[in-house]
Amino acid sequence: MAAPLTLLLIVAVTVRAALFNSSLADLIAERVEVVSPLNAWKRVVEGLALLDLGISPYSGDVFHETPLIIYLFHFVVDYAEITFMLADGITAVALYMAVKDYNKQVFRRQKYALEADRYPMDCLELIRSPKEMYYIPLKVAMFYLLNPFTILSCVAKSTCGLNNAVIALFVLSTIKGSALLSAIFLAVATYQSIYPVTLFAPALLYLAQRQFIPVNLRRSSFWLFILQLAFMYLGSLFVIVCLSFFLLGSWDFLPSVYGFILSVPDLTPNIGLFWYFFAEMFEHFRLFFLFVFQINVFFYTIPLSIKLKDHPVFLIFMQLAVISIFKSYPTVGDIALYLAFLPVWSHLHRFLRNIFLVSCVLLACSALFPVLWHLWIYAGSANSNFYYAITLLFNVAQILLVSDYFYAYLRREHHLTHGLYLKRADGSEATLVLK
């Protein structure tokens, strides 16, 4: 499998290098779907210029990335293109290795369940074969590297690619069972954009199950493990924040980065749900609705963790999707990360209900984003309502996509327990309803 992966990496690098050297690079770097006020490369360049002049990059309202990012590019700014291509390569390889290891675990559990006769006889057709699972890791890497969203994000030099690399390394560390590395990479991801803190729940559930610790709030061993993982996570986060303070010499980055993410002062149009709503909002209602909008990312963690406590890897997928939909400044690079996981759930296709319709809507919206932007900003024949309408439809399609996979996953698990052909008490065919 190493040869196909190497070939895939070469193709991905070639495509990115060609676009970096084309006239399209500057156009892509300005697209509001690809970059946001948080991760735009031109803002990183402004921050570097201020830093070189001995001025805090956070003294104005331009730079909102973390101190570690600006000090990283302080040394590699001349190799920025290589850095972003390398970040995409690291993300793809990490996801490849993670999914490969996860598939081995799934096959092992499936084998033990078959030997113990835990599956009803009529659902054996739902069992996954090694041949079916063999190419899934390569498909995941392909879905990430050759996804137009990923390519656009890389060519625009959006720092979202670096965040994706950190999250991919977190997923790999978690699936490999390394609690310390998982906590460190999750701390770095949280330091970058706050929202990945919700990934603590699936990491906790997975690592606990990996170490054969029962997920039971009444067991002291489970609480002890929570404290251990929380200590490693919070300790890593504390060290990173303190390192940022020593590099910068002040705490200016806290309100400029995290205050900016949570308070959403910049209402530049993007593919998210915040900008239009708060542009029309009366100021005295702003704080309340800001809380309502922001709590979405964090609120769904609790019910999803309860429902998917036995399936933490699928929970990671769900949380990544929720973050990319409900975060304050989303870009297409965020969407590309969770879309890369779709081949892992290819066995759910028989239970998906709206996949064709949702796929068409996502493709149509992706094509209409630049069209409606041009009509609004350049032609003047449309207004912000047009652009927000397509943004709203795009996010609704994402929600339907994730909900469909959620339903399909739960339905398959139900069939594996109760049989594929369900019957009512009177012997008639039953219908499974998700509530």
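Bear in mind the structure is a predicted one, so any value in this text is a computation, not a measurement.

Novice: Looking at this model, I keep getting lost on the environment of Ala80. Mind explaining?
Specialist: Its place among the elements puts Ala80 in helix 5 (residues 80-115). Under the relative-accessibility criterion, Ala80 is labelled buried at 1%. For the pair Ala80 and Trp41, spaced 39 residues apart in the sequence, the C-alpha separation amounts to 9.7 Å. For Ala80, the residues in contact, after removing those within four places along its chain, are Trp41, Phe73 and Lys157.

Novice: Whenever I open this one, the packing of aromatic side chains confuses me. Can you help?
Specialist: The relation between two aromatic rings is expressed through the spacing of the ring centres and the mutual angle of the planes. The final tally for this structure, using the stated rule, is 38 aromatic pairs. Both rings, one in Tyr134 and one in Tyr135, keep their centres 4.9 Å apart while their planes meet at 90 degrees; by these two values the pair is edge-to-face. Look at Tyr134 and you get partly exposed, because its relative accessible area is 46%. Ring centres 5.2 Å apart and planes at 75 degrees place the aromatic pair Phe369 and Phe394 in the edge-to-face group. Separated by 25 residues along the polypeptide, Phe369 in helix 19 (residues 355-379) and Phe394 in helix 20 (residues 384-418) bring together distant segments of the chain.

Novice: When you look at the pattern of salt bridges in this model, what are you seeing that I'm missing?
Specialist: It is possible for side chains of opposite charge to pair when their charged atoms get near one another. Under the definition given, this model contains 10 salt bridges. Between Glu81 and Lys157 there is a salt bridge; the shortest N-O distance is 3.5 Å. Here Lys157 lies in the loop between helix 8 (148-155) and helix 9 (160-176) and Glu81 lies in helix 5, a separation of 76 residues in the sequence. Taking the relative accessible area as the measure of exposure, Glu81 reaches 29% and is therefore partly exposed. You can call Lys157 buried: its relative accessible area is 16%.

Novice: Got a minute to help me understand a nonpolar patch on the surface in this structure?
Specialist: A cluster of nonpolar side chains, contributed by Leu7, Val11, Val15, Met142 and Leu146, occupies part of the molecular surface with about 380 Å² of accessible area. By residue number, the principal contributor to the nonpolar patch is helix 1 (residues 2-20), which donates 3 residues. Along the polypeptide, Leu146 turns up in the loop between helix 7 (136-145) and helix 8. Here Leu146 falls in the partly exposed class, since its relative accessible area comes to 34%.

Novice: Just to check I follow, could you spell out the nonpolar core for this structure?
Specialist: Counting residues in each nonpolar core, the largest one holds 150 residues, and the members touching the most others are Phe73, Phe314, Phe317, Tyr338, Trp345 and Tyr405. With 13 residues, the top contributor of residues to this core is helix 20.

Novice: It is not clear to me how the environment of Ala168 should be interpreted in this structure. Could you clarify?
Specialist: Examined against the element boundaries, Ala168 turns out to sit in helix 9. Along the chain, Ala168 and Ala189 lie 21 residues apart, while their C-alpha atoms are 9.8 Å from each other. Beyond its immediate sequence surroundings of up to four residues, Ala168 is in contact with Thr91, Ala94 and Leu95.

What counts, and at which threshold
Residues numbered from 1 in each chain as written. Predicted model: local features only at pLDDT ≥ 70, side-chain atom pairs only at ≥ 80, totals over all residues. Heavy atoms only, no water. Helix = DSSP H or I, 4+ residues; strand = E, 2+ residues; numbered from the N terminus. Buried < 20%, exposed > 50% of the residue type's maximum accessible area, 1.4 Å probe, protein only. Contact = heavy atoms within 4.5 Å. Phe/Tyr/Trp six-rings, centres within 6.5 Å; stacked < 30°, edge-to-face > 60°. Salt bridge = Lys/Arg side-chain N within 4 Å of Asp/Glu carboxyl O. Patch = residues over 30% accessible without salt bridge, like charges linked within 9 Å, V, L, I, M, F, W, Y side chains within 5 Å. Areas by Shrake-Rupley, 256 points an atom, 1.4 Å probe, with all protein chains shown as cover. Core = buried A, V, L, I, M, F, W, Y, C linked by side-chain atoms within 4.5 Å.

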